[in-house]
Amino acid sequence: MIDTILFDLDGTLLRCSQAAFVDAYFKEIRKAFEKLGMDGALSMKAIWAGTKAMLTNDGSALNKERFWKAFAEVTRIDENMLQRAKEMSDDFYVNEFNRVKSVAEPSDVPARLIPAMIAKGYAMVLATNPLFPPAGITTRLGWIGLSPQDFILVTHYENSSFCKPNPGYYQEIFAKINKQPEQCIMVGNNVSEDMCAEALGTKAFLVTGYVENESGADTSAFPQGALADLERYLLSFPDISI
């Protein structure tokens, strides 16, 4: 029986296009690195390198370690500047990052749906691709009226050693929350990254509006719809006690 719901964030609970989000995000974080005295273009190249290092992580190190190792290799900064860059990053995600909120589409569904499902007895997991530090996820959750405390687990680059669509990402979640795949449903907008959880035995729901399906895969077999449809779908689940 399903008793746990895994939610993707960007393009799912947080309604925005990936292209618009990335463009706004890079514009702001580039300015932050430049204020630190670093070359803007080189810093962006380093962020992409760090992101690739996380996406290809094999589970032998935390994503955070992969990111900053690649970042330092590209920028060739010393330990002192690397530490300053890390401190700046922590501050950025609490402050300037909030400017990126302008690209998001307002929705009152997440702040209503999550508490409702908790009240019905379901456990909530924020299964967002762990490419950001905790503060970056906390800030984005705040844009939709939620917080990390609404979830039994929030994946981020400090507690994850895989990324979507690696099956290891989901297996790591199942191990941490002590659940079998069959007890979970994955809700997301990315066909290759989110719907792939079905291969492990987890049910899936495809949130439309900002669907990412670069391969053009057939999605007709998935329950799907807008956030309002997801709300109706999940609220139809029976009340349970965990």
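Quick note: structure is the one above.
Quick notes on the rules
Residues numbered from 1 in each chain as written. Predicted model: local features only at pLDDT ≥ 70, side-chain atom pairs only at ≥ 80, totals over all residues. Heavy atoms only, no water. Axes fitted to C-alpha atoms, helices over the stretch in contact; angles between N-to-C directions. Helix = DSSP H or I, 4+ residues; strand = E, 2+ residues; numbered from the N terminus. Parallel < 35°, antiparallel > 145°, perpendicular 65-115°, else oblique. Contact = heavy atoms within 4.5 Å. Nonpolar A, V, L, I, M, F, W, Y, C, P; charged D, E, K, R; others polar. Pairing = 2+ DSSP bridges. Salt bridge = Lys/Arg side-chain N within 4 Å of Asp/Glu carboxyl O. Buried < 20%, exposed > 50% of the residue type's maximum accessible area, 1.4 Å probe, protein only. Left-handed = near helix turned anticlockwise from the far one by under 90°. Polar contact = N/O pair within 3.5 Å; in protein donor to acceptor, adjacent residues only side chain to side chain. Core = buried A, V, L, I, M, F, W, Y, C linked by side-chain atoms within 4.5 Å.

A. Quick look at the packing of helix 4 (residues 79-94) against helix 6 (residues 134-143). Interaxial distance between helix 4 and helix 6 falls to 8 Å at its minimum, and their mutual angle equals 5 degrees. Put simply, helix 4 runs roughly parallel to helix 6. Along its contact with helix 4, which presents Asp 90, Tyr 93 and Val 94, the element helix 6 presents Ala 135, Gly 136 and Thr 139. In terms of residue class, the contact of helix 4 with helix 6 is made up of 3 nonpolar, 2 polar and 1 charged.

B. Structural context of the sheet that holds strand 4 (residues 184-188). Strand order in the open sheet formed by 6 strands is 3-2-1-4-5-6, with parallel pairing between adjacent strands. The sheet is open, and its two borders are formed by strand 3 (153-154) and strand 6 (224-225), each paired with just one other strand. The pairing of strand 2 (residues 123-126) with strand 3 spans 2 bridges and is classified as parallel. Each bridged residue has a counterpart across the sheet, and for Val 125 the counterpart in strand 3 is Leu 153.

C. Structural context of the pattern of salt bridges. Going through the model one piece at a time under the given rule, you end up with 14 salt bridges. Notably, a salt bridge pairs Lys 31 with Glu 28, separated by 3.4 Å at the nearest N-O pair. One end of the pair, Lys 31, and the other, Glu 28, are both in helix 1 (residues 18-35), 3 residues apart, so they sit about a helical turn from each other. Judged by relative accessible area, which is 10%, Glu 28 ranks as buried.

D. How the structure looks around the packing of helix 1 against helix 2 (residues 40-55). Relative to each other, helix 1 and helix 2 sit at 125 degrees, their axes nearing to 9 Å. Our classification of the angle between helix 1 and helix 2 gives oblique. Every pair of crossing elements has a handedness; the one defined by helix 1 and helix 2 is right-handed. Here Val 22, Phe 26, Ile 29, Arg 30, Phe 33 and Glu 34 of helix 1 lie close against helix 2, whose contacting residues are Gly 40, Ala 41, Ser 43, Met 44, Ile 47 and Trp 48.

E. Region of the structure containing unusual backbone geometry. In the segment running from Lys 164 into Pro 165, the intervening peptide bond is cis, with an omega of 5 degrees. On the secondary structure map, Pro 165 appears in the loop between strand 3 and helix 7 (167-177). With phi around 60 degrees, Arg 76 is a residue other than glycine that occupies positive phi space. Within the secondary structure layout, Arg 76 lies in the loop between helix 3 (63-75) and helix 4. We classify Arg 76 as exposed; its relative accessible area is 76%.

F. Structural view of the side chain of Asn 190. Mapped onto the fold, Asn 190 is located in the loop between strand 4 and strand 5 (203-207). A polar contact is formed between the side chain of Asn 190 and the side chain of Glu 212, at a distance of 2.9 Å. Beyond its immediate sequence surroundings of up to four residues, Asn 190 is in contact with Met 195, Leu 206 and Glu 212.

G. Quick peek at the nonpolar core. Grouped together as the largest cluster of nonpolar side chains are 60 residues, with contacts concentrated most on Phe 7, Tyr 25 and Phe 71. Considering each element in turn, this core owes the most residues, 7 residues, to helix 1. Residues Val 125, Ala 127, Phe 162 and Met 186 belong to the second largest nonpolar core, which totals 13 residues.

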